[in-house]
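# Geometric and topological summary
So the chains spell out like this:
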Amino acid sequence: MSAPALHLSGVVLPEGAHRDLWVRDGRLTSDPVPGAETVSRGGWLLPGLVDAHCHVGIGRGGVHVEDLAGLREQAVAERDAGVLALRDCGSPVDTRALDDEPDLPTIIRAGRHLARTRRYIPGLAVELEPEDLVAQVREQARRGDGWVKLVGDWIDRSVGDLAPEWPADVVAAAIAAAHEEGARVTAHTFGTDALPDLVRAGIDCVEHGTGLTEDLVAEMAARGTAVVPTLVNVENFPGFAAAGEKRFPAYASTMRRLYAGSGAVVRAAHEAGVPVFAGTDAGGGIEHGRIADEVRALCEAGLPAEAALGAASWAARAWLGLPGIEEGAPADVVVYDTDPRVDLHTLTRPVLRLLRGRVV
Ligand SMILES: [Zn+2]
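Identification of the chain as Imidazolonepropionase from Geodermatophilus nigrescens is taken from an unreviewed UniProt entry.

### Side note on the sheet that holds strand β17 (residues 352-355)
Read across the sheet, 7 strands follow the order β3-β2-β1-β4-β16-β17-β18 without closing on themselves; strand pairing throughout is mixed. Of all the strands in the sheet, just β3 (27-29) and β18 (358-359) have a single pairing partner and so form its edges. Relative to strand β2 (residues 17-24), strand β1 (residues 6-12) runs antiparallel, the two sharing 7 bridges. Its bridge partner lying in β2, Ser9 is registered against Asp20.

### Considerations on the nonpolar core
The biggest cluster of nonpolar side chains holds 94 residues, and the ones touching the most others in it are Leu133, Val137, Leu150 and Leu298. Looking at this core element by element, the count peaks at 7 residues for helix α8 (residues 249-272). Residue-level mapping places this core at the junction of two domains, with at least three residues from each of domain 1 (6-47 + 324-359) and domain 2 (49-319). Once residues within four sequence positions are removed from consideration, Leu150 is found in contact with Leu114, Leu133, Val137, Val185, Thr186, Ala187, His188 and Leu198. Membership of the second largest hydrophobic core comes to 14 residues, among which are Ala85, Trp147, Cys205 and Val228.

### What to know about the packing of aromatic side chains
Evaluation of the coordinates by the stated rule reveals 7 aromatic pairs. Cluster of aromatic residues (ring-pair linked, three or more members): Tyr120, Trp154, Phe190, Phe237 and Phe240. Taking NZ or CZ as reference, Arg87 lies 4.6 Å from the ring centre of Trp147, over its face.

### Overview of the sheet that holds strand β5 (residues 49-54)
The strands making up a sheet associate through backbone hydrogen bonding, with each pair oriented either parallel or antiparallel. Taken together, the 3 strands give an open sheet; going across it, the order is β5-β6-β7, and neighbouring strands pair in parallel fashion. The open sheet terminates on both sides in strands that have one partner only, identified here as β5 and β7 (106-109). The sheet shows a mean angle of 20° between the axes of neighbouring strands, taken without regard to direction. In terms of strand pairing, β5 meets strand β6 (residues 83-88) through 4 bridges, oriented parallel. Bridged to Cys54 within β6 is Asp88. Relative to β6, helix α1 (residues 68-80) is tilted by about 130°, and along the sheet it contacts β5 and β6.

### Some thoughts on the pattern of salt bridges
Oppositely charged side chains can pair when the atoms bearing their charge come close. What the rule picks out here adds up to 21 salt bridges. Residue Asp145 is joined to Arg109 by a salt bridge in which the shortest nitrogen-to-oxygen separation is 3.2 Å. Of the two residues, Asp145 sits in the loop between α2 (133-143) and β10 (147-151) while Arg109 sits in strand β7, which places them 36 residues apart along the sequence. When its relative accessible area of 29% is taken as the criterion, Asp145 is described as partly exposed. Given the relative accessible area of 7%, Arg109 is considered buried. One salt bridge connects Asp156 with Arg119, and the closest N-O pair in it is separated by 3.9 Å. One end of the pair, Asp156, is in strand β11 (residues 153-156); the other, Arg119, is in the loop between β8 (114-116) and β9 (126-128), with 37 residues separating them in the sequence. Of the two residues, Asp156 and Arg119, neither departs from the other in class, the shared state being buried. In the salt-bridge network here, residues are joined through shared partners; they are Arg72, Arg79, Asp80, Glu101 and Asp103.

### Section: empty space enclosed by the protein
Applying the stated criterion across every chain, the model contains 1 cavity of 30 Å³ or more. In this structure, the largest cavity encloses a volume near 40 Å³. Lining the largest cavity are Gly152, Pro164, Glu165, Trp166, Val171, Ala194, Asp197 and Leu198. Split into classes, the residues belonging to the lining of the largest cavity amount to 5 nonpolar, 1 polar and 2 charged.

### Some thoughts on the layout of surface pockets
One number sums up the size of the largest pocket: a volume of about 640 Å³. Taken together, 30 residues make up the lining of the largest pocket; nearest its centre are Ile121, Trp154, Phe190, Asn233 and Phe240. Those elements that place two or more of their residues in the lining of the largest pocket are β11 and α7 (237-244). Considering every element that reaches the lining of the largest pocket, the biggest residue donor is α7, with 3 residues. By residue class, the composition of the lining of the largest pocket is 14 nonpolar, 13 polar and 3 charged. Within this model, the second largest pocket holds a volume of roughly 260 Å³. Every residue lining the second largest pocket is counted, 14 residues in all, and those nearest its centre are Arg60, Glu73, Gln74, Glu287 and His288. For the lining of the second largest pocket, the per-class residue count stands at 4 nonpolar, 7 polar and 3 charged.

Calculation rules
- Residues numbered from 1 in each chain as written.
- Predicted model: local features only at pLDDT ≥ 70, side-chain atom pairs only at ≥ 80, totals over all residues.
- Heavy atoms only, no water.
- Pairing = 2+ DSSP bridges.
- Helix = DSSP H or I, 4+ residues; strand = E, 2+ residues; numbered from the N terminus.
- Core = buried A, V, L, I, M, F, W, Y, C linked by side-chain atoms within 4.5 Å.
- Buried < 20%, exposed > 50% of the residue type's maximum accessible area, 1.4 Å probe, protein only.
- Domains from an automatic or database assignment.
- Contact = heavy atoms within 4.5 Å.
- Phe/Tyr/Trp six-rings, centres within 6.5 Å; stacked < 30°, edge-to-face > 60°.
- Lys NZ or Arg CZ within 6 Å of the ring centre and 35° of its normal.
- Axes fitted to C-alpha atoms, helices over the stretch in contact; angles between N-to-C directions.
- Salt bridge = Lys/Arg side-chain N within 4 Å of Asp/Glu carboxyl O.
- 1 Å grid on protein atoms, 1.4 Å probe; cavity = no way out; pocket = protein on both sides within 12 Å on 5 of 7 lines; lining within 4 Å.
- Points joined across faces, edges and corners; volume = space filled by probe spheres on them.
- Nonpolar A, V, L, I, M, F, W, Y, C, P; charged D, E, K, R; others polar.

This is the structure we're talking about:
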């Protein structure tokens, strides 16, 4: 099944130069293709957007979505927002059937969340004790697409506040095991206390990261450890605090403090040189397709507009091993009719999505 020959012209980001591009056999080329149909002229062309943290297979209220139609609906919502690749940061269901659907975004999976027993949202994670973590990390590394997801901290009801889930030596062995399997590791953390062990053990990325301190940011910058702040989700922290207030006042106060500092953390990370990527945490309480909101939130936190765009496009793609707009790359391109660097609201209105060389 050969893809049609297409032609586009416009300002290609991040370079910012006006170019003509052609699509032949689903791939980009700067060599004119005779007879190609012009599908876009005069717009701004971005490498397909990336949602670097979302969950396909988790529906509203944490309900598992297992039927193909329901899984498709979530992936289509991302795609329609211009997201042509997503990093699934842990799903309780097997979504491999979606890989056979040519009109859906590329999914890069992290297998299932790995959490300590009764220390995460019920029903989502593989729940286990520290002595079993290394073996499970190896299993999830083999199930995923190059990532493993740990739950690094969560409320500890015996403490009444956020607390680390794993001892330092276990974290170090787990991360080393994942790396041996050829997988990168990321961890959910809201608070601070779990982070030093994770960062020192060479974790590749931190999700949320609201508890990052100046010292940790400096160490991550030196190591090249990334952060995906999920500011769309951090907006829920005051709600989490209110829900926990009566039984866990210390937790509620921690969540409010983390919320208040969340923008400053993102700005400090970016300014220190920590790679920051855009992820919405969609799935569960957050609707799919909100990447534009996350990009705007990153910008409001202090990333320059171009860096916020890169965090959801070319920079995120490079980090995940996906090409940008370049010779021979699969034609995954999103087109806008105004310059998104000037107005990030433009991101909510893609005028064309080209996925693997086909208009979707
Ligand atoms: Zn998540």
